[in-house]
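Working through the structure, step by step
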Amino acid sequence: MRYDYVIAGSGIAGLYSALMAREHGSVLVLTKGSIDECNTRYAQGGIAAALGPQDSPELHLADTIKAGAGLVDEEAARILVFEAAERIRDLTRFGVPFDSVDGEVALGREGAHSHARILHAGGDTTGAHIEISLSSLARMSNISINEFSQVEEINVEGGRATGVQTLDTRTNSRETFEGRAIILAMGGCGQLYKVSTNSEVATGDGVAVAYRAGAEIMDMEFIQFHPTALRLPGVPVFLISEAVRGEGALLVDENGRRFMQDYDDRGELASRDVVARAIHTELAKSGADRVFLDVTHLAADRISARFPQIYQHCAEQGLDMATDPIPVSPAAHYVMGGVRTNVWGETTVPGLYACGECACVAVHGANRLASNSLLETVVYARRVVERTLQPDTPTAAALTQDACALPAAEVTEAPNLDRAAVQTLMWDHVGIVRDGESLARAASTLAAWDAAVPTPMDRPAHELANLITCGRLTATAALMREESRGAHYRSDFPEPRDDWQRHLVFRNDG
Ligand SMILES: Cc1cc2nc3c(=O)[nH]c(=O)nc-3n(C[C@H](O)[C@H](O)[C@H](O)COP(=O)(O)OP(=O)(O)OC[C@H]3O[C@@H](n4cnc5c(N)ncnc54)[C@H](O)[C@@H]3O)c2cc1C
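One structure accompanies this document, and this report is about it. Just so you know, these numbers come straight off a predicted model, no measurement behind them.

**Topic: the overall build of the protein**
When its secondary structure is counted, the protein shows 14 helices and 21 strands. Against the 2.2 N^0.38 benchmark of 24 Å for 510 residues, the protein shows a C-alpha radius of gyration of 22 Å, consistent with a compact globule. On the principal axes, the C-alpha backbone points of the protein span a range of 60 × 55 × 45 Å. Counting the 510 residues in the protein, one finds 56% classified as buried. Summarising the internal contacts of the protein: among those between residues at least 6 apart in sequence, 74% fall at separations of at least 24.

Now the structure itself:
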């Protein structure tokens with residue numbers, strides 16, 4: 001089957017680009033689960049845009065660049081903040097019911113933002129509102145949607161992406177779809193880690209298939225760990241949004257002592273890497289496995305109205321946020337790296353585009369500013385579609401001169417090789433605090449697993465193989481980067497180094 005646009009993924013990136021593209025040609029959306037299985041629907045905090053009276057895109061740009069620790073591409077970030085207001089208007093037009101106060105859009109505050117600029121919907125159910133609005137509209141329109149259709153490989157002919165090969169995850173049958181533009185919108189790889197806020201589908205398929213197709217992959221060492229996920233024995237990881245700290249929540253240890261001021265003048269509203277490492281240090285010192293997020297000094301009705309989902313979830317676990325401090329610890333949350341693109345979402349393979357969390361245009365640099373990822377997704381999804389309308393397409397992003405390749409490895413036995421083994425290895429050796437010895441062990445173990453893993457025949461096997469590829473890219477880049485910067489912290493190289501103010505790019509020329 002042939003379409004103008006073949007889009008892989010049905011989170012905000014896939015659905016938003018589909019809704020934009022439908023005006024310009026036939027559109028197929030492929031998604032490996034049901035349409036709403038994605039990270040998007042779990043987003044709580046919201047989407048950043050400088051709409052407040054004291055705010056401006058320039059201030060938003062300055063905060064984004066500062067958080068990115070020297071690796072933000074300024075042109076890309078400028079596009080992000082200056083196109084924000086228009087994209088918010090699109091989302092509103094597509095039916096996303098952003099919250100308002102007295103007729104004005106309500107703006108929340110989150111860590112490392114100098115101003116209140118986070119739009120939210122349904123309090124802390126922003127992602128669910130976005131996903132429902134976009135998927136309902138997509139279903140009512142002329143977009144073809146294939147659920148349970150997993151992209152296994154990208155077809156490349158004469159150096160150009162021409163289509164994708166898919167696996168029906170219910171019948172294991174295969175199909176090929178051809179397209180004028182192939183758009184990867186397959187999300188992140190948070191399932192790499194044992195403790196993660198991410199949905200089950202976040203297995204890095206987009207990065208892995210793009211790498212196999214010869215596209216460049218960048219910045220994979222930069223994994224963001226969210227400081228505050230609910231920590232209760234036997235209870236699945238559940239995010240407690242940064243917006244809760246934005247409303248005044250305090251971080252305290254088991255004795256009720258506030259500790260963030262010991263690490264950063266911004267206290268609880270320091271950037272995520274700083275807060276996650278501070279908690280990691282406090283836990284290492286005390287031997288405890290959790291600290292506490294305390295909102296008991298805030299009015300109960302304000303908490304339940306602003307964070308209905310979090311309030312309800314805590315209540316279901318027997319915790320009343322109004323009176324009980326919430327036990328929390330860090331969890332893997334977001335990958336700053338991904339398939340390298342230019343500011344039009346073009347990868348280095350002509351005809352192949354990427355947007356959303358699987359893409360990397362370097363707007364986040366070494367550390368993403370809270371609520372900039374939903375914004376990045378819509379800003380760059382629209383630019384992808386705009387680019388495909390220009391007469392000289394398909395072009396491609398320029399190749400990086402000094403791209404690296406993952407080294408080949410010897411085939412060895414890989415006992416008990418499953419997702420949990422990868423997640424434990426990554427959490428223990430490629431986590432919040434890293435060092436050379438540990439990273440080298442992880443990189444060589446993953447290389448051996450990569451060589452040993454059988455040819456995938458079903459969805460779980462594909463996901464395992466793709467996680468191993470992403471784990472190798474992350475561990476290898478983290479080992480090479482002998483410094484600390486943003487979310488990448490090496491205890492053996494605890495400072496940033498000028499000669500490392502550059503990106504690490506991987507390309508599979510074989
Ligand atoms: C708990 C949580 C809270 C968050 N809160 C915020 C927030 O408040 N603000 C913010 O800006 N960001 C937030 N983020 C990050 C943000 O939600 C994500 O970065 C964003 O939703 C990613 O959108 P996406 O469309 O790129 O990916 P996803 O929404 O993850 O969608 C990926 C899609 O690709 C599909 N897919 C994957 N592999 C394949 C394959 N092989 N074949 C076919 N389909 C495939 C998946 O099934 C899915 O449909 C949060 C993330 C989490 C996990």
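**Observations concerning the environment of G33**
As for its placement among the helices and strands, G33 is situated in the loop between β2 (27-30) and β3 (47-48). You can call G33 partly exposed: it has 17 C-beta atoms within 10 Å. Sequence separation between G33 and S484 is 451 residues, and the spatial gap between their C-alpha atoms is 37 Å. If we skip the residues at most four places from it in the chain, G33 touches F148 and V201.

**Things to note about the environment of L91**
Looking at the element boundaries, L91 is found in helix α4 (residues 84-93). When the 23 C-beta atoms within 10 Å are taken as the criterion, L91 is described as buried. Each residue touching L91, except ones within four places of it in the same chain, is listed here: V96, I130 and V378.

**Points about the sheet that holds strand β16 (residues 291-294)**
With respect to topology, five strands assemble into an open sheet ordered β14-β13-β17-β16-β15, the strand pairing being antiparallel. This sheet does not close on itself; its edge strands, each paired only once, are β14 (238-239) and β15 (250-252). Of the pairings in the sheet, the one linking β15 to β16 comprises three bridges and is antiparallel in character. Paired with L250 across the bridge in β16 is D294. Across the sheet, helix α8 (residues 272-286) lies against β13 (223-230), β16 and β17 (326-335), angled at about 60 degrees from β13, the strand it touches most.

**Remarks on helix α5 (residues 126-140)**
Under the 1.5 Å per step criterion, the end-to-end length of α5 is 21 Å for 15 residues, consistent within 8% with the ideal 21 Å. Among all positions in α5, only T126, G127, H129, I130, E131, L134, S135 and A138 are buried. Close packing links the buried residues of α5 with α1 (12-21), β2, β3, α4 and β8 (144-146).

**Thoughts on the environment of S56**
Its location among the elements puts S56 in the loop between β3 and α2 (57-67). As a C-alpha pair, S56 and V81 span 25 residues in sequence and 8.8 Å in three-dimensional space.

**Brief notes about the pairing of β2**
Within a regular beta strand, the side chains point alternately toward one face of the sheet and then the other, so they alternate between its two faces. Judged by which residues are buried, β2 turns out to be covered on both faces: V27 and V29 on one side and L28 and L30 on the other are all buried. By the bridge criterion, four bridges tie strand β1 (residues 2-8) to β2 in an arrangement that is parallel. Bridge assignment links Y5 to a residue of β2, and that residue is V27. Note on the crossover from β1 through α1 to β2: the handedness is right-handed. Here β2 runs beside β8; their pairing, made up of three bridges, is parallel. Counted as the bridge partner of L30 is N146 from β8.

**Describing the nonpolar core**
Judged by nonpolar contacts, the single largest core of 165 residues is most densely connected at I7, I183, L184, A210, I217, V339 and C355. Broken down by element, the residue count for this core peaks at ten residues, all from helix α14 (residues 459-480). Domain assignment of the residues forming this core places at least three in each of domain 1 (2-65 + 73-147 + 339-355 + 365-388) and domain 2 (227-331). Those residues in contact with V339 that sit more than four places away from it in its chain are L184, G206, V207, A210, A215, I217, T347, A354, C358, A359 and C360.

**A look at unusual backbone geometry**
Of note in the backbone geometry, D219 takes a positive phi value of approximately 65 degrees without being a glycine. Here D219 is to be found in the loop between β12 (217-218) and β13. According to the C-beta neighbour criterion, D219 is buried, with 26 such atoms within 10 Å.

**Quick word on the site of the ligand**
Close to the ligand lie 43 residues, the nearest being G9, G11, G45, G187 and G356. Broken down by secondary-structure element, the contributors of at least two residues to the shell around the ligand are α1, α5, β9 (149-157) and α11 (372-388). The leading source of residues in the shell around the ligand is α11, at four residues. Taken together, the residues of the shell around the ligand break down into 17 nonpolar, 22 polar and four charged.

Criteria and thresholds
Residues numbered from 1 in each chain as written. Predicted model: local features only at pLDDT ≥ 70, side-chain atom pairs only at ≥ 80, totals over all residues. Helix = DSSP H or I, 4+ residues; strand = E, 2+ residues; numbered from the N terminus. Rg over C-alpha atoms; globule rule 2.2 N^0.38 Å. Buried ≥ 20, exposed ≤ 12 C-beta atoms within 10 Å, placed from the backbone. Contact = placed C-beta atoms within 7 Å. Pairing = 2+ DSSP bridges. Axes fitted to C-alpha atoms, helices over the stretch in contact; angles between N-to-C directions. Expected span 1.5 Å × (residues − 1). Right-handed = clockwise from strand over helix to strand, strands pointing away. Core = buried A, V, L, I, M, F, W, Y, C linked by C-beta atoms within 7 Å. Domains from an automatic or database assignment. Near = placed C-beta within 6 Å. Nonpolar A, V, L, I, M, F, W, Y, C, P; charged D, E, K, R; others polar.

Geometry only, nothing functional implied.
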